[in-house]
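Results of the structural survey
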Amino acid sequence: MHCFRILDPKPRLIHAPGFPDRVLHHAIMAHAGPVLDRGLVDDTYACRTGKGTLAAVQRACAQAGRFAWFAQIDIRAYFASIGHERLLALLQRRFRDRDLLALLRRIVGAHQPTAGCGLPIGTLTSQYFANFYLNGLDRLLLEHMRVRGYVRYMDDAVWCPASPPPALPPPACKSR
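Here is a short report on the structure shown in this document. Quick caveat: nothing in here was measured; it's all calculated off a predicted structure. (Residues numbered from 1 in each chain as written. Predicted model: local features only at pLDDT ≥ 70, side-chain atom pairs only at ≥ 80, totals over all residues. Heavy atoms only, no water.)

**Here we look at the nonpolar core**
For clarity, the threshold we go by: Within this scheme, the nonpolar core is defined by two criteria: the residues are buried Ala, Val, Leu, Ile, Met, Phe, Trp, Tyr or Cys, and they are joined through side-chain atoms within 4.5 Å. Under the scheme applied here, a residue whose accessible area is under 20% of the maximum for its type counts as buried, over 50% as exposed, and between as partly exposed, the area being computed with a 1.4 Å probe on protein chains only. Helical segments are the DSSP runs of H or I of at least four residues, strand segments are the runs of E of at least two, and each set is numbered from the N terminus. Working rule for contacts: check all heavy atoms of both residues, and any pair within 4.5 Å makes them a contact.
Formed by 26 residues in total, the largest nonpolar core has its most connected members in Leu87, Leu91, Phe95, Leu104 and Phe129. Contributions of two or more residues to this core are made by α1 (19-38), α3 (78-81), α4 (84-94), α5 (98-109) and α6 (124-133). Beyond its immediate sequence surroundings of up to four residues, Phe129 is in contact with Met29, Leu36, Leu87, Leu91, Leu104, Val108 and Leu119. In terms of nonpolar packing, the next biggest core, distinct from the first, is built from 5 residues, Val147, Tyr150, Ala157 and Trp159 among them.

Quick look at the structure:
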């Protein structure tokens, strides 16, 4: 892979695969991408047809007009923190083909900045896998926590909790 740094919007190390690897990644995702996509919730964006950056921003703006307050997270060093065994276990739940799973294991295991962790920023498979990896968070928030107004773009999520935050007590006054 060709490695280089970018600084906008924040410093990142990009790993650009060579042409043969890019062809392989596109071929794999032509087959596996629709299977991964079917399991995602509607309000998950990134690496999905019709659900790019603009669609996510438009959805977030529409939600912002409906709710008075929201919670927001951005997972720090997200790609570097993705656990290989957890990701592969999730992929194994989606795919039964042993040859495909062996290939996915080789692709995931080829990049290990930390033993057993990390996906390279810059490969098509990493983008799909990273988006798929947080599907459990989406389901937890939407199905179990019953949040409203949810939007997730890769490792950034915004939502409105089902109930308003507790009121803060009034500030204590000191008498003179």
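**Quick notes on the packing of aromatic side chains**
The following threshold applies: Pairing of aromatic rings covers Phe, Tyr and the six-membered ring of Trp, with a centre-to-centre limit of 6.5 Å; geometry is then stacked below 30 degrees between planes, edge-to-face above 60, and tilted otherwise. When the NZ atom of lysine or the CZ atom of arginine is within 6 Å of a ring's centre and also within 35 degrees of its normal, the charge is said to sit over that ring.
Inspection of every chain in the model, using the stated rule, returns 2 aromatic pairs. Seen in terms of ring centroids, Tyr78 and Phe79 are 5.8 Å apart; in terms of plane orientation they differ by 75°. Their pairing is edge-to-face. The class for Tyr78 is buried, based on a relative accessible area of 4%. Of the residues examined, Phe79 reaches a relative accessible area of 12% and is grouped as buried. The interplanar angle of 55° and the centroid separation of 6.5 Å between the aromatic rings of Tyr78 and Tyr133 together place this pair among those described as tilted. Of this pair, Tyr78 sits in helix α3 while Tyr133 is found in helix α6, placing the two residues 55 residues apart along the sequence. Of the aromatic side chains, those joined through ring pairs into one cluster are Tyr78, Phe79 and Tyr133. Positioned above the aromatic ring of Tyr45, the side-chain terminus of Lys51 is 5.0 Å from the ring centre.

**Description of the sheet that holds strand β4 (residues 71-74)**
In any sheet, the strands associate via hydrogen bonds between backbone groups, in a parallel or an antiparallel arrangement. Heads up, the condition is: Here, strands pair whenever DSSP counts at least two bridges between them. Every axis corresponds to a line fitted to the C-alpha atoms, with the helix fit spanning only the stretch in contact, and the corresponding angles, defined between N-to-C directions, vary from 0 to 180 degrees.
One open sheet accounts for 4 strands, arranged β3-β5-β6-β4; its pairing is mixed. Lying at the two open borders of the sheet, with one neighbouring strand each, are β3 (44-45) and β4. Here β4 runs beside strand β6 (residues 156-160); their pairing, made up of 4 bridges, is antiparallel. The residue bridging Asp74 from the neighbouring strand is Asp156, located in β6. Most of the contacts of helix α2 (residues 53-64) go to strand β5 (residues 148-153), to which it runs at about 160°, and overall it touches β3 and β5. Strands in contact with helix α7 (residues 135-144) are β3, β4, β5 and β6; relative to β5, the strand with the most contacts, it is inclined by about 175°.

Function cannot be read off these values alone, since they describe shape.
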